Amino acid sequence: AVSYANLTINVIEDPTATLNAMKAGEANGAKIVNNDTIPEIEASGWTIESNELDFQGLLLFDRDGTMAPELADVKVRQAINMAFDREALLEALQLGYGTVTEQVFPETSVGFDPALDDTYAYDPEAAKELLADAGYPNGFTLNMMSTPAFQTTFDLVAQQLSDIGITVNYTDPGTGNFITDMLAPKYPATWMALEQNPDWQLINFMIAPNATFNPFKSQDPTVDGYIATIQTGTEEEAATATKELNAYIVDQA
C-alpha cells in the first residue's frame, strides 16, 4: 500500500557501522543484528519494531549416538536441557529481549503448550545425577563447532555444560564452512539460531527423517506416526497429533 518514487538499500556488514549510520541520520530504517545496541538506538530517537522470529538453542543432532554415543541416552539429553539457566543466558546474550522456551514450536502453533516450558528447570545437581544414572558419573567430552561471530554464546554454552561435567571440545570450521560442516554432518551437536516455522514447515525443516536440520536422519517410529497423522488425518486429528508430537520431542529432549 506504500509506494516510493525512489528506494535505496545499502548493505552495511558491520553492526557498528549500521549503528553509526542510524545515529548520523543516513538511514530511514535498518535491521539490527545485536540486541545490545537497542538502548543506544532508542536514546537516539529511533523506535524499535520487534518480532520474535528465531529461536536459539543447542541442537542435539546425533540422537542415535553414531558419533557421540552418550547422546543416544535420553537421560543424557535431558541432563543437557537442565544444564542451562535460560533466564540468565537471555539477559547475558540479548539484554533480556526475547522469551525463554523449551520447545521449538512457536506460540502461534496449534501444538504449542506453555506447560512444556516448565519441563527442564535449571538444576545442575539433578543433571549430574541423570548423567550418573546414564553411566557417566564423571561426565564426558562433547565435540562441537564454534564461530567467532558468536564467541560469547559459545563460551557460555561451554561454561554451563562444564558445570554438570560435560567438557566441550570446540572446532572452528571457518565462517564459510559453518553451515556446510553442520549439515554434512561433522558434529553431533551445535548451538544454532533457526526460524520458528508453521507446523508442517517446521516438521520438514527440523524433525522429519529427511528434514534439512536433521542431518543424521534420526528417525523414531512414534514421531513417524504423529507425522503421518498430521499429514493425512482430519483437521482435528492433525491438531491433536501436533500437540502430542511437540510433547514427545520435549520429553525426548
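Each chain has its residues counted from 1, following the order in which its sequence is written. Local features are withheld for residues below a pLDDT of 70 in this predicted model, meaning they are given only at 70 or higher, and side-chain atom pairs are given and counted only at 80 or more; totals for whole chains, interfaces and linings count all residues. Hydrogens and waters are ignored; side-chain quantities use all the structure's heavy atoms.

Quick look at the overall build of the chain now. Strands are runs of DSSP state E lasting at least 2 residues, helices are runs of H or I lasting at least 4, and numbering of each runs from the N terminus. Scanning the chain from terminus to terminus reveals ten helices and four strands. The N-to-C order of helical and strand elements in the chain reads α-α-β-α-α-α-β-α-β-α-β-α-α-α. Dimensions of the chain along its principal axes, counting C-alpha atoms only, are 60 × 50 × 35 Å. Looking at the chain residue by residue over its 253 residues, the buried ones come to 42%. Considering only residue pairs separated by 6 or more positions, the chain has 67% of its internal contacts joining residues 24 or more positions apart. In this tally, Asp and Glu contribute negative charge and Lys and Arg positive charge; neither His nor the terminal groups of the chain are included. Where a charge sits is defined by one atom per residue type, namely NZ (Lys), CZ (Arg), CG (Asp) or CD (Glu). Of note, the chain has its 10 positive side-chain charges centred 5 Å away from the centre of its 38 negative side-chain charges. When accessible area is computed with a 1.4 Å probe and restricted to protein chains, residues below 20% of their type maximum are described as buried, those above 50% as exposed, and intermediate ones as partly exposed. Residue contacts are counted whenever heavy atoms from the two residues lie within 4.5 Å of one another.

Our next topic: the side chain of Gln94. Looking at the element boundaries, Gln94 is found in helix 4 (residues 86-94). Look past the residues within four positions of Gln94 in its chain and what remains in contact with it is Asn35, Gln56 and Leu89.

So, on to the environment of Leu89. By the secondary structure assignment, Leu89 is in helix 4. Along the sequence, Leu89 and Gln160 sit 71 residues apart, while their C-alpha atoms lie 9.8 Å from each other. Ignoring any residue separated from it by four or fewer positions in sequence, one finds Leu89 in contact with Phe84, Gln94, Leu156 and Gln160.

Expected span, for any helix, means 1.5 Å times one less than how many residues it has. The terminal C-alpha atoms of helix 6 (residues 151-162) lie 16 Å apart, and with twelve residues this matches the ideal 16 Å at 1.5 Å per residue to within 8%. Of the positions making up helix 6, those classed as buried are Thr153, Phe154, Leu156, Val157, Ala158, Gln160 and Leu161.

It is worth spelling out the packing of aromatic side chains at this point. Aromatic pairs are defined between Phe, Tyr and Trp rings, using the six-membered ring for Trp, whenever the two ring centres lie within 6.5 Å; interplanar angles under 30 degrees are classed as stacked, those over 60 as edge-to-face, and all others as tilted. By the definition in use, this model includes seven aromatic pairs. For the pair Phe154 and Tyr170, a centre-to-centre distance of 5.5 Å together with 85 degrees between the ring planes defines the contact as edge-to-face. In this pair, Phe154 is assigned in helix 6 and Tyr170 in strand 3 (residues 166-171), connecting sequence segments 16 residues apart. Overall, Tyr170 belongs to the partly exposed group, its relative accessible area being 22%. Three or more aromatic residues joined by ring pairs make a cluster, and in this case those are Phe150, Phe154, Tyr170, Phe178 and Trp191.

Site definitions follow a grid-based scheme: protein atoms alone, a 1 Å grid, a 1.4 Å probe that fits but cannot get out for cavities, and for pockets an open set with protein on both sides within 12 Å along at least five of seven lines, plus lining residues having an atom within 4 Å of a point. Grid points are joined across faces, edges and corners, and a volume is the space filled by probe spheres set on the points. One number sums up the size of the second largest pocket: a volume of about 400 Å³. Around the second largest pocket, the lining comprises 16 residues; the ones closest to its centre are Thr8, Ile9, Asn10, Ala27 and Gly29. In the scheme used here, Gly and all other residues not listed as nonpolar or charged are polar, with Ala, Val, Leu, Ile, Met, Phe, Trp, Tyr, Cys and Pro taken as nonpolar and Asp, Glu, Lys and Arg as charged. Residue classes in the lining of the second largest pocket are distributed as eight nonpolar, six polar and two charged.

Turning our attention to the packing of helix 8 (residues 199-207) against helix 9 (residues 221-232). The axes used here are C-alpha line fits, helices contributing only the stretch in contact, and every angle between their N-to-C directions lies in the interval 0 to 180 degrees. Where helix 8 meets helix 9, the axes come as close as 11 Å, and the angle between the chain directions of the two elements is 150 degrees. If you check the angle between helix 8 and helix 9, you find them roughly antiparallel. Crossing handedness for the pair helix 8 and helix 9: left-handed. Listed contacts from helix 9 to Trp200, Ile203 and Ile207 of helix 8 are Val223, Ile227, Ile230 and Gln231. For the contact of helix 8 with helix 9, the residue count by class is six nonpolar, one polar and no charged. Geometric relationships in this document are graded by angle, where less than 35 degrees denotes roughly parallel, more than 145 denotes roughly antiparallel, 65 to 115 denotes roughly perpendicular, and other angles denote oblique. For any helix crossing, the convention is left-handed if the near helix is rotated counterclockwise from the far helix by under a right angle, and right-handed if that rotation is clockwise.

On to unusual backbone geometry, then. A cis amide bond, omega -10 degrees, links Ala184 with the succeeding residue Pro185. Note on placement: Pro185 falls in the loop between helix 7 (178-183) and strand 4 (189-195). You will see that Leu95, though not glycine, has its phi angle at about 55 degrees, which is positive. Here Leu95 shows up in the loop between helix 4 and helix 5 (124-133). For Leu95, a relative accessible area of 36% puts it in the partly exposed group.

Here the focus is the pattern of salt bridges. Side chains that carry opposite charge are capable of pairing whenever their charged atoms lie near each other. For this analysis, a salt bridge means a side-chain nitrogen from Lys or Arg found within 4 Å of a carboxyl oxygen belonging to Asp or Glu. Inspection of the entire model under this criterion finds three salt bridges. We note a salt bridge from Glu125 to Lys128, for which the minimum N-O separation is 3.5 Å. Of the two residues, Glu125 and Lys128 are both situated in helix 5; the distance of three residues between them amounts to about one turn of the helix. Judged by its relative accessible area of 35%, Lys128 is partly exposed.

What follows deals with helix 9. Relative to the 16 Å expected for twelve residues at 1.5 Å per residue, helix 9 spans 16 Å between its end C-alpha atoms, a close match to the ideal helical length. Every buried residue of helix 9 is listed here: Val223, Tyr226, Ile227 and Ile230. One side of helix 9 carries all its buried residues, which in axial view fall inside an arc of 100 degrees. Exposed side chains of helix 9 directed beyond 90 degrees from the buried face belong to Pro221 and Thr232. Arc definition: directions from the helix axis to the C-beta atoms.

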